[in-house]
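Single-letter residue listing:
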Amino acid sequence: MIEMLQQFFQFDFMKRAFVAILVITPLLGILGTMIVHKRMAYFSDALGHSALTGIAIGVVLGITDTNLSMIIFAVVFALLLNAINRRALAATDTIISVFASCSTAVGLAILSMGGNFSKYSAILVGDILSITAEEIGYLLVIFVVTLIFWAVAVNTLNAISIHPTLAKSRHMNVRLIEDIFAVLIAVIVMLSIKWVGILLINALLILPAASSRNISENMREYHLYSVIFSLFSGVVGLFVSYYTNVATGPMIVIVASLIYFGTYLFGKNR
Amino acid sequence: MNRKMHKSCFVAILLSAIAIVAFGSTFFYWNRQNRTEEEFTIVTSFYPMYIAAENLTEGREGLVLKSLSEPQTGCLHDYQLTAADMKLLSTADVFVVNGGGIEEFLTDVAAQYPDLVIVDASQGLELLEDNGHAWMSVALHRQQLNNIARGLAEADPEYADLYRENYGIYDEKLKDLEQEQQEFAGDLAGEQIILFHEAYAYVARDYGMEVVYVMDLDEERQVSAGEVADVLRAIAEDDVKIVLAEEQYGKEMGDMVTRESDAKVYYLDTLVRGDYDKDSYLERMEANISIMRGLAK
């Protein structure tokens, strides 16, 4: 057993992957609480898909670091969605769906030019082992930013999610806070998408928070359990995936789903 | 309060249950895998080495033969080892490489895995300077096979006889190819040629041809207008009639030369891509030789 654990940390890339998990899963856990609370699951899913477009734009413009073009595009996309949402021409999910499909289609069209899509298919499933020390640095920065934002704005966000009009009448800057929140989601989703994969990033945002919601009774518990579940799924998923040669993203999501079903049963029988 | 305790208790039990099942089953899986890993694993660096090892190890029971790079990767210049590669190498008993500087990552590998037996196929071969494409010469490839067979026999003494026997059979076939080359090599000797891939320097040497200009066109090469002019000037000055190029990366340049000059462009195979068919080297070298035979006439 000990020999097995030694093997786990034998390689630098596993150490990096482990640190990345320790940084990003709590982050996704925290953000997820408010995404679930504000019913924005579809929004974050659409953001994930916009990563394809971000990469495509980077390729077209000849930017070597597609991280940059992905983040810029996602931020613009998130703000745009918010702005259009406020006009409320149609139901939110319809608007998001229209924009998400459009941007995904553009991304796929560009990336598949010349039959080259296979080069980018890795981003669909993700590869945690590709994470670099530099990217962990970015993650740490964004982690600190998120904590600060949370400390300042969590009550406002909560108020907005319960009753936007009432929040506005209390002189809360609904627009600004919502936009900052959307940008934060965009940046974090883009930074983690390379190793979780487009298909599953949303699961990692939603599942821990949803599980926590099943059993918690107040905001403090809600946050605490979400972070615990997220971190736990990340570490166990990474561990299992390493030894069984399964992609890491799916393994983490499987563990997170198990937790969800467990808490669901507990919540139901309470 | 009681209920809260109840809940955290539940969470603790749920998580530990998942953890125990996950770690436990992983442990069993890993244990079983480790036991089956008592087989002998040979990893080759890229295509020509894979085909060579495939021929030499035919009939070795419990053998795992894997190639580091995909068969479509081509030459390994600037090849970056991936995490999967490192993991694969950590399970390997023998690592067969072409050597001669083709595998630039080799020093890193040797440092990471001091116990890994590295068989350098080009050891003791007379290579051209800064050019490790030794498999392009049948004569040199025969020596490479000899090196690999010896390396394998040493690393896996139980099957040493098998490797020697396989080597004998395969070398016979390579010898035929070499004889075929020699039949008309004299007709090509002294002919002036231009190469669009440095691997063909070995072909030129085999036939005694004189290389007047080399432009190495590969995956990442961008050609400037000045270089194109240099090529055309070299063709005109020495009245070069033959250009050897590679289909995948030299085609555009080759078409240009055909249009702009009297020289003819011939496309040889660099033998670095293909399927896992064990006769691949023989068949494709044969094709190369028949192209060269056409030149001799």
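Going by the structure above, here's the rest.
Let us look at the structure shown here. (Residues numbered from 1 in each chain as written. Chains lettered and ligands numbered in written order. Predicted model: local features only at pLDDT ≥ 70, side-chain atom pairs only at ≥ 80, totals over all residues. Heavy atoms only, no water.)

Points about the packing of aromatic side chains
For any pair of aromatic rings, geometry is given as the distance between the ring centres together with the angle between the planes.
Here's step 1: Enumeration over the complete set of coordinates arrives at 12 aromatic pairs over all chains.
Here's step 2: Taking 4.1 Å as the distance between ring centres and 15 degrees as the angle between the ring planes, the aromatic pair formed by Phe 266 of chain A and Phe 10 of chain B counts as stacked. Placement of Phe 266 of chain A in helix α12 (residues 248–268) and of Phe 10 of chain B in helix α1 (residues 2–36) is noted, with the two residues assigned to different chains. Note on accessibility: Phe 266 of chain A and Phe 10 of chain B belong to one class, buried.
Here's step 3: For the ring pair Tyr 50 of chain B and Tyr 276 of chain B, a centre distance of 4.5 Å and an interplane angle of 45 degrees mean the geometry is tilted. With Tyr 50 of chain B in helix α2 (residues 47–56) and Tyr 276 of chain B in the loop between β8 (264–268) and α10 (280–296), this pair connects stretches of sequence that are 226 residues apart. (Phe/Tyr/Trp six-rings, centres within 6.5 Å; stacked < 30°, edge-to-face > 60°. Helix = DSSP H or I, 4+ residues; strand = E, 2+ residues; numbered from the N terminus. Buried < 20%, exposed > 50% of the residue type's maximum accessible area, 1.4 Å probe, protein only.)

A few points about unusual backbone geometry
Here's step 1: A positive phi angle, close to 55 degrees, is found at Arg 39 of chain A, a residue other than glycine.
Here's step 2: Backbone geometry places Asp 130 of chain B, a non-glycine residue, at a positive phi of 50 degrees.
Here's step 3: Relative to the helices and strands, Asp 130 of chain B is located in the loop between β4 (117–120) and α5 (138–155).
Here's step 4: Of the residues examined, Asp 130 of chain B reaches a relative accessible area of 70% and is grouped as exposed.

Points about the pattern of salt bridges
Here's step 1: Applying the stated criterion to the full structure yields 18 salt bridges over all chains.
Here's step 2: Between Lys 7 of chain B and Glu 221 of chain A there is a salt bridge; the shortest N-O distance is 2.6 Å. Within this pair, whereas Lys 7 of chain B is found in helix α1, its partner Glu 221 of chain A is found in helix α11 (residues 219–244), the two belonging to separate chains.
Here's step 3: The buried category is assigned to Lys 7 of chain B, whose relative accessible area is 1%.
Here's step 4: For Glu 221 of chain A, a relative accessible area of 8% corresponds to the buried category. (Salt bridge = Lys/Arg side-chain N within 4 Å of Asp/Glu carboxyl O.)

Quick word on the pairing of strand β1 (residues 40–44) of chain B
All names here are of chain B.
Here's step 1: Of all 5 residues in β1, 5 are buried; the element is thus mostly enclosed.
Here's step 2: Along β1, one buried face is formed by Phe 40, Ile 42 and Thr 44 and the opposite face, lined by Thr 41 and Val 43, is buried too.
Here's step 3: Bridging between β1 and strand β2 (residues 63–67) involves 5 bridges; their strand directions are parallel. Each bridged residue has a counterpart across the sheet, and for Val 43 the counterpart in β2 is Lys 66.
Here's step 4: Each parallel crossover has a hand, and for β1 linked through α2 to β2 it is right-handed.
Here's step 5: Inspection of the sheet shows β1 paired to strand β3 (residues 94–97) by 3 bridges, in the parallel sense. Bridging across to β3, Ile 42 finds its partner in Val 94. (Pairing = 2+ DSSP bridges. Right-handed = clockwise from strand over helix to strand, strands pointing away.)

With respect to the packing of helix α2 (residues 12–37) of chain A against helix α9 (residues 174–196) of chain A
All names here are of chain A.
Here's step 1: The interhelical angle for the contact between α2 and α9, taken along N-to-C directions, is 140 degrees, at an axis separation of 11 Å. By the angle class used here, α2 and α9 are oblique. Regarding α2 and α9, the two cross each other, and that crossing is left-handed. Only Phe 181, Leu 184, Ile 185, Ile 188, Ser 192 and Trp 195 of α9 make contact with α2, whose side of the interface consists of Ile 21, Ile 24, Leu 27, Leu 28, Leu 31, Met 34 and Ile 35.
Here's step 2: Looking at side-chain class alone, the contact of α2 with α9 contains 12 nonpolar, 1 polar and no charged residues. (Axes fitted to C-alpha atoms, helices over the stretch in contact; angles between N-to-C directions. Parallel < 35°, antiparallel > 145°, perpendicular 65-115°, else oblique. Left-handed = near helix turned anticlockwise from the far one by under 90°. Contact = heavy atoms within 4.5 Å. Nonpolar A, V, L, I, M, F, W, Y, C, P; charged D, E, K, R; others polar.)

Focus: the sheet that holds β4 of chain B
All names here are of chain B.
Here's step 1: Ordered by their spatial adjacency, 4 strands build an open sheet running β2-β1-β3-β4, and the pairing between neighbours is parallel. The sheet terminates laterally at β2 and β4, the two strands that pair on one side only. On average, each strand axis in the sheet is tilted by 20 degrees relative to the strand beside it, whichever way the strands run.
Here's step 2: Along the sheet, α5 makes contact with β1, β3 and β4, crossing β4 at roughly 160 degrees.

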